[in-house]
Structure formats: C-alpha cells, structure tokens
Amino acid sequence: MDSVLFIVGLIAAMLRVATPLIYGTLGELFSERAGVLNLGIEGTMFLGAFTGFAVAATTGSLWLGLLGAILAGILAGLLMSLLSVRLGVNQHVAGLGITLLATGISLFAFRVIFGESKVPPSIESFPMLQILPDTNPLAPITNQYLLTFIGIALIPLVWWIISKTRFGLQIRAVGENPEAADAAGLNVYAIRTRALAIGGALMAVGGAFLTLAQLGSFTFGIVAGRGWVCIALIIFANWHAVNVLWGALIFGGVQALQLRLQTQGIKLPYELFLSLPYVVTIIALTIAGRNASAPSALLKAYRRE
Amino acid sequence: MHAVEMKGIVKRFADLVASDHVDFNLEKGEIHALLGENGAGKTTLMRILYGLYTADEGQIIINEKPVVIHSPKDAIKNGIGMVTQHFTLVPTLTVAENMVLGETAGITLNLPALEKKVAEASEKFGIPVKPQALIKHLSVGERQRVEILKALYHDANVLILDEPTAVLVPQEVDMLFEALTRLQKSGLSVIFISHHLNEVMQICQKVTVLRDGKLAGTVNVADTNLKELANMMVGRENFGVKRQGQRERGNLELKIENICASDKKGLPALKDVSLDVHQGEILGLAGVSGNGQTELSAVLCGMHKITSGKIFAGDVDLSHATTSDVCAAGVGRIPEDRHANMVGELSVAENLILDQMNNFVKNGIMDYAKIQKNAEELIKSFNIKASAGDRVRTLSGGNMQKVMLARTLSQNPRIVIASQPTRGLDVGATDYVRTVLLEQRDRGAAVLLLSEDLEEIMALSDRIAVIYGGRIMGILPAHEATAEKLGLMMAGSAA
Ligand SMILES: Nc1ncnc2c1ncn2[C@@H]1O[C@H](COP(=O)(O)OP(=O)(O)O)[C@@H](O)[C@H]1O
Ligand SMILES: [Mg+2]
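Residues numbered from 1 in each chain as written. Chains lettered and ligands numbered in written order. Predicted model: local features only at pLDDT ≥ 70, side-chain atom pairs only at ≥ 80, totals over all residues. Heavy atoms only, no water.

Side note on the site of ligand 1
Next up, step 1: Of all residues adjacent to ligand 1, which total 13 residues, the nearest are Gly39(B), Gly41(B), Lys42(B), Thr43(B) and Thr44(B).
Next up, step 2: More than one chain reaches ligand 1: the nearby residues come from chains A and B.
Next up, step 3: Between ligand 1 and Gly41(B), the relevant distance is 2.9 Å, taken from an oxygen atom to a main-chain nitrogen or oxygen of the residue.
Next up, step 4: Here ligand 1 loses 66% of its free accessible area of 560 Å² to cover by the protein chains.
Next up, step 5: Broken down by secondary-structure element, the contributors of at least two residues to the shell around ligand 1 are β2 (16-27) and α1 (42-49) of chain B.
Next up, step 6: Counting residues per element, the shell around ligand 1 draws most heavily on α1(B), which supplies three residues.
Next up, step 7: In terms of residue class, the shell around ligand 1 is made up of five nonpolar, five polar and three charged. (Near = heavy atom within 4 Å. Polar contact = N/O pair within 3.5 Å; in protein donor to acceptor, adjacent residues only side chain to side chain. Areas by Shrake-Rupley, 256 points an atom, 1.4 Å probe, with all protein chains shown as cover. Helix = DSSP H or I, 4+ residues; strand = E, 2+ residues; numbered from the N terminus. Nonpolar A, V, L, I, M, F, W, Y, C, P; charged D, E, K, R; others polar.)

Shown next as structure tokens:
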C-alpha cells in the first residue's frame, strides 16, 4: 500500500512539475520552428509569473491575472521579433537581453507595487479540479489544476497547427528556408513575428502557472532556470510537439523523485539529489540529441537587399 | 507589345554598381536571353524584376503599365515567376506543399486536394512532378521542374530562368528546351539567363548582353553569330584555354583503390571508387553536382574518413592520413569552397602561409619580413590584384582563387587536387586558372580535376572519368569523350 501511495504521489507531482515546462517548451517550439532561438524564455516566464501575480493580486481575479500574463508574454515576443527579426540583431544577444530586461522590470515593478514586506504577499490560487472524490486512491493523479490539463491538451493542438494548417506550413517554411518562403511571396518577417508572439504568450502562461496555480505567491527565484530546461527539452524533443510531452514528463518525474528521495533519510548530500534532474537531462540529451536536426534557418536573420 | 520593360535600372551594393542604367525589353511570347559573364549583373537585374532586390533607380513597366515591385508577392501578382539559380524550395516539405506555400486562403491545408491540383497542373503544362515527394529526395533536375511548375501554377506569363542549364546533364537540357519551346507556343514569355553562347543561339530569339553591370546591346539571334556575341560579352573575340596535343604520361603518382565513404548523414557517398593519376596528366572527373565529388575531394584532402579502400601518393599510404600528412606527402589542394579555406579577416600575406607556417618561423616567432617577401613574390607571379596587407575578405572571387592557387602551387606539389577551381569566376580569371592547371601538368604534376563544368573538363583533361551516385561510371581518353557520351554517363548509364 505504501508503494502505491508513493507512486501515485510521484505521478501527481510529475504532472505538476511538467506543466510549466510543457508551456515553455511549446512556446519555444513556435519560435524555433520559425527560425528564431528565443533565449528570452527564462525572462518571459519570469515576467509571466510576475504579471499574472500582480494583476491577480490587484484586481482579485485570477483569470485577469492569466490574461495579463499572456499579454506581457506577447509583448516580450514582439520585442524579440523587433530585435532579432526586424533589426537582425544576433539571436543570442537579443534573447539574453530580453531575459535580463524582463527579469529586471519584473523585480522593479514588484518592489514598486508590493514594497519590501517581511511576509511575501500571497493570493488565493486556482483550485485543483475535483475529478475523483478525495477518497479515491487515484485522486492525487486526476485532481490537477485546469492549466495542467490545458497544457497537455495543447500538445496535440500545437502538433496539428504546425503540421496541418497553412500557418504551420508557413512557420516551417520560414524556419527551414526563408529565401524560399520569400520567393514564394510570403512575408517572412510577419510570420516569424506571429510565431514569436504566440511563443511568448505560451512561455508567460508557463510562468504564470507557478504563481497563479502552484504557489499562490511570487518569489525572486520562482522560475529557477525552467526556461533553460525548456531550451534543452526542445532539442530532446527534436522540435516535435508530441515529444515535448515525454521530455517534460521525464524531467518532471526525476524532479518529483529526487524531492521524495531527499526525505527518505538517505545519507547523501542533498545537492546530489537536486542535481539529479539536470544530470538525467544531460544524459537524455546526449542520447536523443545525436539525431536531432534543428530547423535549418535557426539563428539566421533574414535579409533582403 | 512589351510584356516587360525595365528602364534605367541602377543597383548599387556599397561601392559596386551591379546594374548601371540598364534597359531591358521583353516582347510577349519570346524567349529572350540575358547573356553575360559571371558577375555581369544578370542575376541582379532579374532579382530586381522579381522583387528580391529593390532598385536604387529606374522604372519597371509591365503590360504597358508602370508598376512598383517591393517583393516577390508583387511580382507574382504581376504574372512574373522566377526560378533562381539556387533553388528556393524548402527541402523538408513536399512538392505540393512547396507549390502552395505562397497562398494564404483558408486555415487548414487539404493536402490530398492540393496534391490533386498540383498533379492536374503538372499534366496541363506537361511538366512531370511527383506531388507527394519530399524535395530533399529529388534530383536537381526534378527540383528545377518543380520550380518551373510552381511559377506556372501561379499563373506566370513571364518566366525567368537563372542559369537553368548549369545544373543539368545534356539530356536534361534537351528536355528543358523542349518544354520551353512548347510553353512559348502557348504564349509564355521567357527570360533565359546564361553564359553559354551555344544555348542562347539554340533556343532564344533575342539576346540582351550585359558586361560589368552595363548594357552591351540587344540583338536578334537571327542577325548575329557566336563571334559577335562573344565579343559583346567579354569585349574581345578570342577566349578559352585548351590543352594542346598529346603528352607522354609518366609514372603512377596518385592511386585510389576501391575506396568507400559515407556522407555527413551516414549514407554511402563513395562506392568502390578507383582512379589512377599519372605524372604529367590531368584526369578530369565529370559529374552532376552532388554525386560524391565533395566527399571524394574531402577524402583526398584528409578531411573525411574512408570506410574501406586504399589511397597512395607515390608509395606513401594516405588511406587514413590527416591533413598535415597529406601536405607532407606533396599533395596540393585547391578546395571547392575557397571561403572555407581562407581566413577572411587575415591579410593576403598571412593567408599565403597558412598551411606552411613552420617555414616562416624564426626562434618561435613569426618572421614577418620573410612572410611579406613571400607574399610580394607570389602576388607578382600569380598576378593577384591586391597588396600583401589587404584582408582576403575584401578580394574578388577571382583574386581570392589566385591566392589559393599561389599558396598551393608555390610549394610545387607532386599531386594537385583541384575541386571546382573556376566556379563563380569571370572569364578572365577562369582562363588564368586553367592556364595554371595546364602549367602544372606540363611541369609533371599529377592533376585530378573535379568539375561540374563539362566544357572545362573536356578542354583540360587527358582522360575523363565520370562519377554518378558515388560510383565511377567509366574512364575515357580525351579523344574518345564526346559531350553526348559523357552526358549519358553523367545521367547514370555505364560506358
Ligand atoms: N547581395 C549582394 N551583395 C553584394 N554584392 C552583390 C550582391 N549580389 C550581387 N553582388 C555583386 O554584383 C555583381 C553582379 O552579380 P550578379 O548579378 O550575381 O552577376 P551574374 O548573375 O551576371 O553572374 C557581382 O560583382 C556580385 O559580386
Ligand atoms: Mg548569376
């Protein structure tokens, strides 16, 4: 019975940990399939976490908070587009710049709005859905946040958009061969801009999940490198939406496992456990990444004379 | 009636005037050649018409109406289609997906319906394509057909073809010409970019010649001849370098025995390739681009591993040699991609010693006086139009290639591997490079010449081998090798 409890708890935690990674990686997927590496992801998730929290705290509406996060994410995506697509700034530089900027603005605005209180401000966060009664042993798995279910449902949706719609075809074309897309009469800039805006929105929702659902409060370390994990996951996923799920679940599973191992009284430095998900990510990447093939035009700004 | 008029077109790239007040008129229903050497500005002019470049000055008139073309979208709207020199297809998409890329109607793609439409268009225009095939699996000739059909599918009535024959074997060229003549009869106007005089005489009715970005003239094909066109094109009548007479060949110098190698993706690229090159001969290796030439040249330069087989330079075994072993064995390399083999930010003098730095070191320090002297001598003897301190990045293609030749050949190699040595060079530089290669042969070096330019192969080689799909299809002595025989072999039939 104990081991059943353990496994149920593990799976439940795995899904919670995986949720922001699914949003972040799907967001990055849109950007990268269109040919833009968006290293602004870490900052955009942070901005989403903050904006969601701040709007929810001031208006009292979690949904307005989520909407605010989405808008902030779109803005961050548009800024990335302005820099890397329109102005042709090196994508690494533009992305890291956005991460620094978005993080700085969020921290500043947080101080302005909430001051320097001893107790961190908190909000009443989204409740978990009650799909099974609490007495059911499987309830911890099924009773998750709505955003988790939406995130999982987004995976087939994103797959469908990328592979079956006209917009998806255009994204793939500008990400693989912008010259060809241009010669075919497509507006490369506009398509990349749209992809970045959608990507930014998804990343911000990933961040907002942390404040609006999982934690109900905002701390400076809230995103804690999840954006960078998404950058690794997208390589693991070989730029395919469906694989994003497996990557996020593996990382989430190991993360959930290491948290439980820490409390098992095993006599090892806890840092070892903390590093476990990253070690597993690196191993998974080296195995899966060997055959990974990035969109051909990734990192290349498109210019026409 | 004019289908297209271009008036006073000017296009500058920084200091370079690539198009200098050029006028160009296309009549409805004609095949009109745009002739000129490499760098004459043919591509630039047509990229302006197709909206890929924006002109600095000038006017475009289509069907008697002035138009502004900002992008290919505008051009397509005006009934213009272009098949660019480097195809603009997305390799990871299918033929049908590439065809409909520019359309914007509808959210979802009904691929089966689109494939059917593409198949119908293919039927209607008589240009066979496979709608469901991925572009990356198609041959160059097939890709070109997709590009042409793509333009026609979007209702082009003016079709621009940028050097369409450069990538084709002779038989495919015939097929292309047949299709163009047929389409012309149904009212299509064609702009045919080329630097091959014979082709122009064969299928065009009118020729506009460009030289150094300027209009050299427009003439009717019926009223002109090869000599006049050549004269207009290069400003002189005699050009072309040719191997003179037979020569006794010497000892076996480079021996390639049954080598196999894979390409970057791990697919077999070289299959059981064997070649002998003797002292004092040029062995030409003909073939359409992408049939293993790149891999063979990389293998011989020590940059790519073989999976089986042997390579000998004299009696030195180079089968698993590193680049420095190859140099030490006296193999001189003129690589396919000169940009990748020079450091653009370094000076001409520095690039000239890049692969023999040890000869220019004194007490562990670079001996710049000696480097400078070496550069000045080579600049003089190889006729490089640059000074020793210029950064290589700023040199024209021809001068860059001369630096490459100077670096390699000043070391008097026993074996010379020359890959596509004249690709992208103008006629003057091409002649120069060919002369130098012939000098190497006469000096007694064993020269392996890999080239996609069949004329070049035929002009220089003592013997000609043909590679297709990574296999040697046969080797012919020069006097037996006709363009037709070689063309068949290049298309995959054995000698
Ligand atoms: N995008 C560009 N940037 C700078 N220079 C260019 C560019 N495109 C062409 N040129 C230069 O313009 C000249 C004409 O080139 P091009 O039109 O390609 O000649 P052609 O097609 O006749 O061989 C060349 O000297 C070439 O180097
Ligand atoms: Mg050209």
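Some words on the interface of chain B and chain A
Next up, step 1: With 30 residues of chain B in contact, the opposing surface of chain A contributes 21 residues.
Next up, step 2: For the pair chain B and chain A, the summed buried surface comes to about 2100 Å²; carbon and sulfur atoms form 60% of the total.
Next up, step 3: Taken together, chain B and chain A are joined by two salt bridges.
Next up, step 4: Across the pair Glu103(B) and Arg166(A) runs a salt bridge whose closest N-O atoms are separated by 4.0 Å.
Next up, step 5: Only β1 (2-13) and α2 (72-77) of chain B provide two or more residues apiece to the side of chain B that touches chain A.
Next up, step 6: Per-element accounting of the side of chain B that touches chain A gives the leading share, three residues, to α2(B).
Next up, step 7: Counted by class, the side of chain B that touches chain A contains 16 nonpolar, 10 polar and four charged residues. (Contact = heavy atoms within 4.5 Å. Buried area = accessible area lost by both parts, 1.4 Å probe. Salt bridge = Lys/Arg side-chain N within 4 Å of Asp/Glu carboxyl O.)

Brief notes about the domain arrangement of chain B
Residues and elements named next belong to chain B.
Next up, step 1: Each assigned domain of chain B is listed with its residue range as follows: domain 1 (2-234), domain 2 (239-330 + 413-495) and domain 3 (342-412).
Next up, step 2: Between domain 1 and domain 2, the contact holds 10 residues from the first and 15 residues from the second.
Next up, step 3: When the two sides are added together, the surface that domain 1 and domain 2 hide from each other amounts to roughly 940 Å², 67% of it contributed by carbon and sulfur.
Next up, step 4: The three residues of domain 1 that bury the most area against domain 2 are Asn38, Val169 and Gln171, which together make up 41% of that side's buried surface. (Domains from an automatic or database assignment.)

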